[in-house]
Amino acid sequence: MKDVGVQAAGEKLNKVQDVGVQVIAKIQGTLNIMSVSRDGSRDLGSQSDDSFHYERPHVEPIYDAFICPLSKQVMRDPVTIENGQTFEREAIEKWFNECKENGRKLVCPLTLKELKTTDMNPSIALRNTIEEWNARNEAVQLDMASKSLSPGSSESDSLQALMFIQQLCTKNLSSKHIIRNAELIPMIVEMLKSTSRKVRCMALETLRVVVEDDNDNKEIMADGDKVRTIVKFLSHEPSQEREEAVSLLYELSKSEALCEKIGSVNEKNENNVRQMAENGRLQPLLTLLLEGSSEIKLSMASYLGDLALSNDIKVFVARTVGSSLINLMKTGDMQSREAALKALNQVSSCEASAKVLVEEGILPPLVNDLFTGPNRLPILLKELSATILANIVTFDCDFNSIPVGPNHQTLLSEDIIHNLLHLISNTGPSIECKLVQVLVGITNSPVTVIPVANAIKSSGATISLVQFIEAPQKDLRMASIKLLHNLSLHISQELANCLCGPAGQLGSLFKVISENIASTEEQAAAIGIVADLPEQDVDVTRQMLDERDFEIVVSRTKMIRQGETRRSRFVTPYLEGLVRVLSRITFVLSDEPRAVAFCRDHELAALFTELLQQNGLDNVQIASALALENLSHESKNLTKLPEIPPPGFCGSVFPCLGKKPVMTGLCRVHGGACTQRDTFCLLEGQSLARLVALLDHTNEKVVEASLAALSTLLDDGVNIEEGVSVLCEAEGIKPILDVLLENQTENLRRRAVWMVERLLRTEDIAYEVSGDPNVSTAIVDAFQHGDYRTRQIAERALKHIDKIPNFSGIFPNMG
């Protein structure tokens, strides 16, 4: 009964007036605490509830006839059974039920003689006598209780009197009017001023029992300062008194008149407003922030900045007082500005609330605070401004349409970006980190990253940003790596020049890449930077070979493949970056002999072939197929051609008598001895089958990369006829023709037309294709609409199948 249900409190919230809602929320929050903290014991010293049993004085003794032989208690509803014995109805019914359930004979519990029936007759005369006896005794006890509820009474007498009143109200709800008529309610309220904590707790509990479900008694509580006296207990530290006060106020709040009174009392108490805010009801605090004096506004803003708020509450706060906080941060009083900025920092960390603040105009004063001189704004406030701005730009917003400067500049304007870069280079690590995070937020979008990248190029700031990779502050290092990753595709050559310069930050990136067993966000960003460096930059690749960075990449790739690393949500971008970095070594095979040796030693052709099976990781498959293309291009240069023995004497004198030696075990396409490990031949291992399987992939970039790798089997310098045969045996002809027919992108069409022209050099395939009008139409379409190189190749393909269209409709008449 004492632990009021939170659900009931929630239902009440929808019924009472708004001012009363404030205290109900306070009560609801505290009830949550009570439900956790209570363990069934009472905090009233070492005594238990039983020790407060009221030793009732009697006008006359208790007669034996009043006592039930079974329950040993004074009977309230005496009944007589078949043999004339009298019992409390509830007790004898329980006895009869037990006899029936246990299969025993029906007997009298006193005489143990068998009974024929369970019929019971009410003993009306005895019941009336007992009731009269109870009334006489309760009148005496009530009089004694009244005398004990006075400041001069002992603690024991007061506790016994309060317990008697509780028992009387609990036993019979109609007794509550007796308490009211005896004018005991004001006397119980006076007990709240007792010096005994036990008495105060018992008084609060007794008042709750007295007013429960009794509107008349609640009306008496509305008089005078009774409510104010109870509300004061809410300011106490968490204790039994505070819990009892919450339960009592909740019961009183069921009266709308009392609810308003409770709310008005709480609104005027700053401590209570704070406590309500702690328990999730911010409206009183926000009201004071809007309407209070300057001192109150400062106090409420300061307190708001220290509260832990849910995202829903952050949105509510932004909509309610966002504009007021923004105005407060513009004042000349530094204490008020700091309080406002701290509160805005809290509120701005949620996307919906951040967008509300942007609508309320927070960006211009934030940017202004950042760019004002240090004499006008302390560094702490600049850091807060930078933090709020970093929060806001984390979320998607049209920053290019919101003016933040005097000349309608936006956050993406070149001079604003230049100012941010200048600040980053001329402030301490804490604010540097926040400002870098601002740039991270702005560059998270593929649209907004371009103007930032251009501004960084024009300011020459790349080298400054790269230096933060070696910052001792982990947050700053991570922010700079994330920023450089966002920018890396757009400033790749500038990054390559800086990373491979004398400072050697490339090595620092690889320290990050290899420092954890798990795949972290920072590692994924770091490997992403390296992956975006120009693939053809031999200097970068040579430095990585010199510093054995590729060995780290191979090791980490195999660890992920074998499941040796702890899984994380960043393992996919981390693996993608590793494979892309590893593939870059295949772009310099013809220029760097060490690259060939590395690929052989670490069997990269086999590894990239395995990675083709990373279903769902399109970027891994693309990078692996492109690497196999580069490796396969080198196969014709690496294959070991057989040594043909010189002819004998007769053969040299009479060539017709000489026999050409028969060579076995040679590669059909490359003409020499090939292996997957040493010459990277696609015919060895599973490369060919897996590349063909990828031709029906839904991602055209995967298809294009696979097609590029397969095209090396039809390249100049190899046996094209055998290459066609190999593709035919691998059932690759139809998928290649299907790519041409689907005509997805210009690059795919160019690749497909080139391969089809090579395939049509084989007479059997040309004959079969000539009968397929769809293929002919696709080639004609490429001939008519492709670029110059594609048109030339398509023309050759059409000649193979004798399908040359009328040129007069394609080329203008030059005659």
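In this text the structure is predicted, and so the values were computed from the model without any measurement.

Peer 1: An account of the overall build of the protein chain is needed here, citing residue identities and associated values.
Peer 2: Within the protein chain, the regular secondary structure consists of 43 helices and three strands. Here the protein chain holds 815 residues, and 49% of them are scored as buried. Counting contacts in the protein chain only where the partners sit at least 6 residues apart, residues at least 24 apart contribute 67% of the total. Of the accessible surface of the protein chain, which amounts to about 38800 Å², a share of 49% is contributed by carbon and sulfur atoms.

Peer 1: Just give me the short version of the layout of surface pockets, but keep the residues and values in it.
Peer 2: Size it by volume and the second largest pocket reaches roughly 590 Å³. In terms of lining, the second largest pocket is formed by 27 residues, of which the most central are V440, N444, K482, N486 and E521. The set of elements that each furnish at least two residues to the lining of the second largest pocket consists of α20 (379-393), α22 (429-442), α25 (474-487), α28 (521-531) and α31 (571-583). Considering each element in turn, the lining of the second largest pocket owes the most residues, six residues, to α25. In the lining of the second largest pocket, the residues fall into 11 nonpolar, 10 polar and six charged.

Peer 1: Any details on the sheet that holds strand β2 (residues 86-88)? Residues and values, ideally.
Peer 2: Ordered in space as β2-β1-β3, the three strands form an open sheet in which the pairing is antiparallel. Both outer strands of the open sheet, β2 and β3 (121-122), are each paired with one neighbouring strand and no more. Relative to β2, strand β1 (residues 78-80) is paired through three bridges, and the arrangement is antiparallel. Of the residues in β2, the one forming a bridge with V79 is F87. Seen against the sheet, helix α3 (residues 89-101) touches β1, β2 and β3 and runs at an angle of roughly 95° to β2.

Peer 1: Requested: an account of the side chain of R556, with residues and values cited.
Peer 2: Mapped onto the secondary structure, R556 falls in helix α30 (residues 549-561). Apart from the residues lying within four places of it in its own chain, the contact partners of R556 are I513, S514, E515, N516, I517, Q523, Y574 and L578.

Peer 1: Which residues make up the packing of helix α42 (residues 773-785) against helix α43 (residues 788-800), and what are the values?
Peer 2: Interaxial distance between α42 and α43 falls to 7 Å at its minimum, and their mutual angle equals 145°. Here the hand of the crossing between α42 and α43 comes out left-handed. Here S776, I779, V780, A782, F783 and Q784 of α42 lie close against α43, whose contacting residues are T790, R791, A794, E795, A797 and L798. Residue classes in the contact of α42 with α43 are distributed as seven nonpolar, three polar and two charged.

Peer 1: How would you explain helix α32 (residues 593-601) if you had to name every residue and give the values?
Peer 2: Within α32, the full set of buried residues consists of A595, V596, F598 and C599. The buried residues of α32 occupy an angular sector of 160° when projected down its axis, which confines them to one face. Along α32, exposed side chains directed more than 90 degrees from the buried face belong to P593 and D601. Phi turns positive one or two residues past the end of α32, at E603, with a value near 50°.

Peer 1: Explain unusual backbone geometry to me, and be specific about the residues and the numbers.
Peer 2: The phi dihedral of H408 falls on the positive side, at around 65°, and the residue is not glycine. Here H408 shows up in the loop between α20 and α21 (414-425). On the accessibility criterion, H408 (66% relative accessible area) is exposed. Unlike most non-glycine residues, F680 shows phi in positive territory, near 60°. Structurally, the position occupied by F680 is in the loop between α35 (649-653) and α36 (687-693). Taking relative accessible area as the criterion, F680 reaches 1% and is therefore assigned buried.

Peer 1: Can you explain helix α8 (residues 197-211)? Please cite residues and give values.
Peer 2: The end-to-end C-alpha separation of α8 is 21 Å, in line with the 21 Å expected for 15 residues at 1.5 Å each. Among the 15 residues that make up α8, 14 are buried, leaving the element largely enclosed by the rest of the structure. Capping the start of α8 is the job of one residue whose side-chain oxygen sits 3.3 Å from the backbone nitrogen of K198: S196. Looking one or two places after α8, you find D213, whose phi comes out positive at around 55°.

Peer 1: Now, about the nonpolar core: what can you tell me, with residues and values included?
Peer 2: In this structure, I362, L363, L411, L727 and I779 are the most contacted members of the largest nonpolar core, which totals 189 residues. Excluding its chain neighbours within four sequence positions, the residues that come into contact with L411 are L363, V367, L389, V393, F399, V404, I416, I417 and I442. One finds L149, L192, V209 and M221 within the second-largest nonpolar core, a separate group that totals 39 residues.

Peer 1: Report on empty space enclosed by the protein, specifying residues and quantitative values.
Peer 2: Within the structure shown, the criterion is met by one cavity of 30 Å³ or more. Of the volumes computed, that of the largest cavity is approximately 30 Å³. Along the walls of the largest cavity sit S632, H633, K636, H670, T712, D715 and V718, which together make up its complete lining. By residue class, the composition of the lining of the largest cavity is one nonpolar, four polar and two charged.

Peer 1: Report on the packing of aromatic side chains, specifying residues and quantitative values.
Peer 2: Evaluated as defined, the whole model comprises three aromatic pairs. Ring geometry for Y63 versus F66: centroids 5.3 Å apart, planes at 75°, classification edge-to-face. Since its relative accessible area comes to 41%, Y63 is described here as partly exposed. Look at F66 and you get buried, because its relative accessible area is 5%. Ring geometry for F550 and F598: centres 5.9 Å apart, planes at 55°, overall tilted. Remark: F598 occurs in helix α32 and F550 occurs in helix α30; sequence separation between them is 48 residues. Among the residues examined, F550 registers a relative accessible area of 0% and is labelled buried. Residue F598 is classed as buried on the basis of its relative accessible area of 8%.

Peer 1: For the pattern of salt bridges, give the residues involved together with the corresponding values.
Peer 2: With the rule as written, the count across this model stands at 36 salt bridges. In this structure, the salt-bridge partner of D77 is R89, at a minimum N-O distance of 2.8 Å. Here R89 lies in helix α3 and D77 lies in the loop between α2 (18-37) and β1, a separation of 12 residues in the sequence. Residues D532 and R580 are paired through a salt bridge, measuring 2.7 Å at the closest nitrogen-oxygen approach. Highlighted residues: D532 in the loop between α28 and α29 (538-546) and R580 in helix α31, separated in sequence by 48 residues. Overall, the relative accessible area of 11% leaves D532 in the buried class. Sharing partners across several salt bridges, the network here consists of D716, E757, R758, R761 and R796.

Peer 1: Residue-level account of the packing of helix α37 (residues 700-711) against helix α40 (residues 746-759), with values.
Peer 2: For any two helices packed against each other, one specifies the crossing angle of their axes together with the interaxial distance. Contact geometry for α37 and α40: axes closest at 10 Å, N-to-C directions at 25°. Compared by their axis directions, α37 and α40 come out roughly parallel. You can see that α37 and α40 cross each other, and the crossing is left-handed. Contacts between α37 and α40 pair E700, V703, E704, L707, A708, L710 and S711 from the former with N747, L748, R751, A752, W754 and M755 from the latter. The residue makeup of the contact of α37 with α40, split by class, is eight nonpolar, two polar and three charged.

Peer 1: Provide a residue-level description of the confidence of the model for the protein chain, including the pertinent values.
Peer 2: Atom-level detail of predicted coordinates should not be read off regions where pLDDT is low. For the protein chain, per-residue confidence averages 83 on the pLDDT scale, and 86% of positions sit at 70 or higher. When pLDDT is averaged over each element of the protein chain, helix α33 (residues 604-611) comes out on top at 96 and helix α1 (residues 6-13) at the bottom at 39. Every residue in residues 1-56 scores below 50 in pLDDT, and together they form 107 contacts with partners more than four places removed in sequence or on other chains. The model gives residues 807-815 a pLDDT under 50, and that stretch makes eight contacts with residues more than four places away or in other chains.

Definitions and limits used
Residues numbered from 1 in each chain as written. Predicted model: local features only at pLDDT ≥ 70, side-chain atom pairs only at ≥ 80, totals over all residues. Heavy atoms only, no water. Helix = DSSP H or I, 4+ residues; strand = E, 2+ residues; numbered from the N terminus. Buried < 20%, exposed > 50% of the residue type's maximum accessible area, 1.4 Å probe, protein only. Contact = heavy atoms within 4.5 Å. Areas by Shrake-Rupley, 256 points an atom, 1.4 Å probe, with all protein chains shown as cover. 1 Å grid on protein atoms, 1.4 Å probe; cavity = no way out; pocket = protein on both sides within 12 Å on 5 of 7 lines; lining within 4 Å. Points joined across faces, edges and corners; volume = space filled by probe spheres on them. Nonpolar A, V, L, I, M, F, W, Y, C, P; charged D, E, K, R; others polar. Pairing = 2+ DSSP bridges. Axes fitted to C-alpha atoms, helices over the stretch in contact; angles between N-to-C directions. Left-handed = near helix turned anticlockwise from the far one by under 90°. Arc of directions from axis to C-beta. Expected span 1.5 Å × (residues − 1). Polar contact = N/O pair within 3.5 Å; in protein donor to acceptor, adjacent residues only side chain to side chain. Core = buried A, V, L, I, M, F, W, Y, C linked by side-chain atoms within 4.5 Å. Phe/Tyr/Trp six-rings, centres within 6.5 Å; stacked < 30°, edge-to-face > 60°. Salt bridge = Lys/Arg side-chain N within 4 Å of Asp/Glu carboxyl O. Parallel < 35°, antiparallel > 145°, perpendicular 65-115°, else oblique. pLDDT = per-residue confidence, 0-100.

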